[in-house]
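Examination of the molecular architecture
One letter stands for each residue in the lines below.
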2 protein chains.
Amino acid sequence: MTALVIDNIGLLVTNQPELGEGPLGLVRDAALVFEHGRVAAIERAGAGGDEHLDADGRCVIPGFVDSHTHLVFAGDRAAEFAARMAGAPYGAGGIRVTTEATRAASESELERTAAVRREEALHAGITELEIKSGYGLEVAAERRLCEVASRLTDEVTFLGAHAVPVEYEGRADDYVALVCGEMLAACAPHCRWIDVFCERGAFDAEQSRAVLEAGRAAGLGLRAHGNQLGPGPGVQLAVELGAASVDHCTYLDDDDIAALADAETVATFLPATDFSTRQPYPDARPLIDAGATVAIATNCNPGSSYTTSMAFCIALAVRDLRMTADEALRAATLGGALALRRDDLGRLAPGARGDAVVLDAPSHAHLVYRPGVPLVARTIVAGRA
Amino acid sequence: MTALVIDNIGLLVTNQPELGEGPLGLVRDAALVFEHGRVAAIERAGAGGDEHLDADGRCVIPGFVDSHTHLVFAGDRAAEFAARMAGAPYGAGGIRVTTEATRAASESELERTAAVRREEALHAGITELEIKSGYGLEVAAERRLCEVASRLTDEVTFLGAHAVPVEYEGRADDYVALVCGEMLAACAPHCRWIDVFCERGAFDAEQSRAVLEAGRAAGLGLRAHGNQLGPGPGVQLAVELGAASVDHCTYLDDDDIAALADAETVATFLPATDFSTRQPYPDARPLIDAGATVAIATNCNPGSSYTTSMAFCIALAVRDLRMTADEALRAATLGGALALRRDDLGRLAPGARGDAVVLDAPSHAHLVYRPGVPLVARTIVAGRA
């Protein structure tokens, strides 16, 4: 297989401190050599190679790893969005609207629209992403979502416990039994992960524990939605059960922060969701200062965060979650990889998968300095431009 | 000249209430016909034509009119930006950094970098923009900026009164005399407008009045920066002198709102600036509810708002300035045109200049619903795709 070389990189972010300056492992005037889909070497600019891409002094970063999306769905919730912007509150109920549209959609429509979104995310520099089910909420519909998602990524998450469907109104425990039984059995073969929306109005601590433990017994890794709309047990439960990630983390108390600081569980922020739901932004500082590992993800979904722009999420994380540009870049790349427990992603070191983004900018700080400007000039996945 | 037709428009925003539904004059299933650089007709979808562009059911809006930019400059202030994000306050002093770099740059470098930014803005759907001088702050340097700007737009603004340059430290009145005398005489032939930064730390009410009155005597229209960093006299002065626009408007009291409600002076918001300076966002509601005319502009400049994304400004205006998506779209198109006193821009009605944007979305609400996603599929200027 021929090698691809990105040459004349003004600033290369490796996320590998021993390869360069500072925690981001910055290398100046570099060339990045890919072979067999992986990073083969980092050399001085001027390396040449079979296939040559000139970065022209610009910045190259690891591909974004988006560890939280709901990419497979049908329907549009622009009207609900407009109502919310005019003052209506955000609740978990809107999930049902998308569930209805998704159940009614054909498999080919789900595949086609999800592929369009995957392509859009790729153009935005996202080289790997996780996809959750959760808009089926019945056995066949959830299995179908997992199957469609598995054609787009290896990182498929079974989220039958996304909301209690209308058919189970007032019988949440019965629904949890379905999720942990027949539905899990149907979905697990297509999935790597299980997730639960642990929140007032969705699933309580006991129900969430049942879901996660059933998933673990079926061989799945654990993830959780927690502490989004108010204080709650999600973070502590995720840490206790050794989940790879707990996502949202808007309302954390000192015990939650201490638990995350000591855990391998990644705290994943979804800033575009706080933007789109007009919720308060979490403060990332206490968590980072305590030593917790953080990630940033898009949460791309039609209700609360219909974006594929990791750059937008990074800009918000700096402006409103009080992260530095370096911390935010790392969270959107290496943080996402850690949240998916993937050591081949999120860094540009020999042996890692060849996923890189050429920015139309001299440094990654421009992702914040130039908000809203599409700065992704080129996305390389597994060494292919 | 051959006609261009944009056909199969799912939703057309005309900004002309008598042409369609509601204040945006929405027309569904339309075709837009351009001739001789202008809008010739709005027809039913299926119109055909010499040159045919299929909108495929998507939304078409008037081109964005960006009534406030500082597009011609040299240098980069990413480091100052990063420091601010790490807690440093924003002041007017940073202008001097750009002034130093701009004075030192060659004319061809200024031309080349400004043209790159103009192109970027065009891809972001901005079909007309204003450009201010203000990084020269000496006669020859200001004249050079006005000349360079005049090669990119007819809407050039002389902003010699952007900051007191270091050479005049402690002698602001002497600098104002220079601005109103020799500098104005050198710049006026290249400009349509004069502007002043009326703010504590920049120019006070008396100095600002002197600048604007001198500009008016030289035949220029009036604009002002006012009430950005705190309450101040900028808005009242702009209204009293009949300025076309007063920009920023973050700190308004009841008298300011009442004055703007009764005036032709447009209140222009620059939300990306509040984002990038971590200043509080203005509340647009009282102003709009009182009946004032509002615009949204990017304020593209290297210190406080380095963006060409009007879509980003619109999303912030809805999320944080409390405008509706309809109000924000109108403010970024027709509002900008009114702020430049141009009746040929900002609307898609027969006779208007043929400036339109095809969005990769079924409605303009997606500019807010899908934050950070580049939704401008095609920009048409004066009937040319």
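What you are looking at is a predicted structure, and each value in this text was computed from that prediction instead of being measured. (Residues numbered from 1 in each chain as written. Chains lettered and ligands numbered in written order. Predicted model: local features only at pLDDT ≥ 70, side-chain atom pairs only at ≥ 80, totals over all residues. Heavy atoms only, no water.)

Description of the overall build of chain A
Using the following cut-off: Only DSSP runs of H or I reaching four residues or more are called helices, and only runs of E reaching two or more are called strands; each is numbered from the N terminus. The atom set for the radius of gyration is the C-alpha atoms, and the globule formula is 2.2 Å times the number of residues raised to the power 0.38. Residue burial is assigned from relative accessible area. The probe radius is 1.4 Å, only protein chains are included, and a residue is buried under 20% of its type maximum, exposed over 50%, and partly exposed in between. The contact definition used throughout considers only heavy atoms, calling two residues in contact when any of these lie within 4.5 Å. Exposure was quantified through the Shrake-Rupley algorithm and a 1.4 Å probe, taking into account, for residues, occlusion by the shown protein chains and nothing else.
Helices and strands together make up the secondary structure of chain A, namely 13 helices and 16 strands. Against the 2.2 N^0.38 benchmark of 21 Å for 385 residues, chain A shows a C-alpha radius of gyration of 20 Å, consistent with a compact globule. Principal-axis analysis of the C-alpha atoms gives chain A an extent of 65 × 45 × 45 Å. Looking at the 385 residues of chain A, the share that counts as buried comes to 62%. Expressed as a percentage of contacts within chain A between residues at least 6 apart in sequence, the contacts between residues at least 24 apart total 71%. By element, 49% of the accessible surface of chain A is carried by carbon and sulfur atoms, the whole surface being about 13000 Å².

Concerning the sheet that holds strand E10 (residues 193–198) of chain B
Residues and elements named next belong to chain B. Just so we agree on the cut-off: One requirement defines pairing of two strands: DSSP has to find at least two bridges between them.
Taking strand neighbours across the sheet as the criterion, the seven strands line up as E8-E9-E10-E11-E12-E13-E14 in an open arrangement whose pairing is parallel. Of all the strands in the sheet, just strand E8 (131–132) and strand E14 (294–296) have a single pairing partner and so form its edges. Pairing of strand E9 (residues 156–161) with E10 involves three bridges; the strand directions are parallel. Bridge pairing in E10 links Ala-161 to Val-196.

Examining the relation of the copies chain A and chain B
Condition: Alignment of the copies relies on least squares applied to C-alpha atoms, considering only residues that score at least 70 for pLDDT in both.
For the match of chain A to chain B, the screw axis carries a shift of 0.0 Å, the RMSD comes to 0.0 Å, and the turn is 180°. Taken together, the rotation angle and the small translation identify this as a two-fold axis. Using C-alpha coordinates, one finds that chain A approaches the rotation axis most closely at Gly-372 of chain A, a distance of 2.7 Å. A shared interface surface links the copies, since 100% of the contact residues of chain A are contact residues in chain B too.

What about the interface of chain A and chain B?
Put simply, the rule is: Here the quantity called buried area is the accessible surface, traced with a 1.4 Å probe, that two parts lose on coming together, added over both. Only one rule defines a salt bridge in this text: a Lys or Arg side-chain nitrogen within 4 Å of an Asp or Glu carboxyl oxygen. Polar contact is defined as a pair of N or O atoms within 3.5 Å, subject to the rule that within protein one atom must be able to donate a hydrogen and the other to accept it, and that residues adjacent in sequence are counted only when both atoms are side-chain atoms. Each residue is assigned to one class: nonpolar for Ala, Val, Leu, Ile, Met, Phe, Trp, Tyr, Cys and Pro, charged for Asp, Glu, Lys and Arg, and polar for all the others, Gly among them.
The interface of chain A with chain B comprises 33 residues on the first partner and 33 residues on the second. Across the interface of chain A and chain B, roughly 3000 Å² is buried in total on both sides, 60% from carbon and sulfur atoms. Sorting the residues of chain A by area buried against chain B places Tyr-306, Arg-319 and Tyr-369 of chain A first, and these three jointly supply 29% of that buried surface. Taken together, chain A and chain B are joined by two salt bridges. A salt bridge links Glu-120 of chain B to Arg-370 of chain A, with the nearest nitrogen and oxygen atoms 2.7 Å apart. Counting the contacts that link chain A with chain B gives 24 residue pairs in polar contact (both at pLDDT 80 or more). At the level of elements, helix H1 (78–85), helix H9 (271–277), helix H11 (310–319) and helix H13 (366–369) of chain A are the ones that each hand at least two residues to the side of chain A that touches chain B. The greatest single-element share of the side of chain A that touches chain B, amounting to five residues, is contributed by H11 of chain A. Among the residues making up the side of chain A that touches chain B, the classes are represented as 17 nonpolar, seven polar and nine charged.

With respect to the pattern of salt bridges
In total, this model carries 50 salt bridges over all chains according to the counting rule given. A salt bridge links Arg-58 of chain A to Asp-360 of chain A; its shortest N-O distance comes to 2.8 Å. Remark: Asp-360 of chain A occurs in the loop between strand E15 (356–359) and H13 and Arg-58 of chain A occurs in the loop between strand E4 (51–54) and strand E5 (59–62); sequence separation between them is 302 residues. A residue is classified by how much of its surface remains accessible, and Asp-360 of chain A, at 44% relative accessible area, is partly exposed. Among the salt bridges present, the one from Glu-130 of chain B reaches Arg-223 of chain B, with a minimum N-O distance of 3.7 Å.

So, the state of the cysteines
Short version of the rule: Throughout, a disulfide means two cysteine sulfur atoms within 2.5 Å of one another.
The tally for this structure, following the rule as stated, stands at zero disulfides over all chains. Here Cys-198 of chain A stays free of any disulfide, with the sulfur of Cys-249 of chain A as its closest cysteine sulfur at 12 Å. There is no disulfide at Cys-300 of chain B, and the cysteine sulfur nearest it, in Cys-313 of chain B, is 9.5 Å away. According to the relative accessible area criterion, Cys-300 of chain B is buried, its value standing at 1%.

A word on unusual backbone geometry
A negative phi angle is the norm for most residues apart from glycine, just as the trans form is the norm for most peptide bonds. Residues and elements named next belong to chain A. In the Ramachandran plot, His-36 falls in the positive-phi region, its phi being about 50° despite a non-glycine side chain. Along the chain, His-36 falls in the loop between strand E2 (26–35) and strand E3 (38–44). Its identity is not glycine, yet Asn-299 carries a phi of approximately 55°, on the positive side.

Thoughts on the side chain of Ser-133 of chain B
All names here are of chain B. Tracing the backbone shows Ser-133 in the loop between E8 and helix H4 (139–150). A polar side-chain atom of Ser-133 sits 2.5 Å from a polar atom in the side chain of Glu-142. Discounting chain neighbours no more than four positions away, the residues touching Ser-133 are His-70, Glu-142, Leu-145, Cys-146, Thr-157, Phe-158, Leu-159 and Gly-160.

Focus on the nonpolar core
Quick note on the threshold: Here the nonpolar core consists of buried residues drawn from Ala, Val, Leu, Ile, Met, Phe, Trp, Tyr and Cys, with membership extended through side-chain atoms lying within 4.5 Å.
Judged by nonpolar contacts, the single largest core of 209 residues is most densely connected at Met-323 of chain A together with Met-323 of chain B. Filtering out sequence-adjacent residues up to four positions away, Met-323 of chain B remains in contact with Phe-269, Ala-284, Arg-285, Ile-288, Val-294, Ile-296, Ala-317, Val-318, Ala-328 and Ala-331 of chain B.

Focus: the pairing of strand E13 (residues 266–269) of chain B
Residues and elements named next belong to chain B. Here E13 shows no split at all, with Val-266 and Thr-268 on one side and Ala-267 and Phe-269 on the other all buried. Bridge analysis of strand E12 (residues 245–248) against E13 gives three bridges, and the strand direction is parallel. The residue of E13 that forms the bridge with Val-246 is Ala-267.

Some thoughts on the domain arrangement of chain A
Residue and element names in this part refer to chain A. Stated precisely, the cut-off is as follows: Domain start and end points were adopted from an automatic or database domain assignment.
Per the domain assignment, the segments of chain A are domain 1 (4–63 + 347–380) and domain 2 (65–339). Computed from C-alpha coordinates alone, the two centres of domain 1 and domain 2 are separated by 29 Å. Facing 19 residues of domain 1, the contacting portion of domain 2 comprises 17 residues. Summed over both sides, the interface between domain 1 and domain 2 buries roughly 1500 Å², with carbon and sulfur atoms accounting for 66% of that surface. Inspection of the region where domain 1 meets domain 2 yields one salt bridge. In this structure, the connection of domain 1 to domain 2 is made through seven residue pairs in polar contact (both at pLDDT 80 or more). Taken together, the elements giving at least two residues each to the side of domain 1 that touches domain 2 come down to E5, E15, H13 and strand E16 (376–380).

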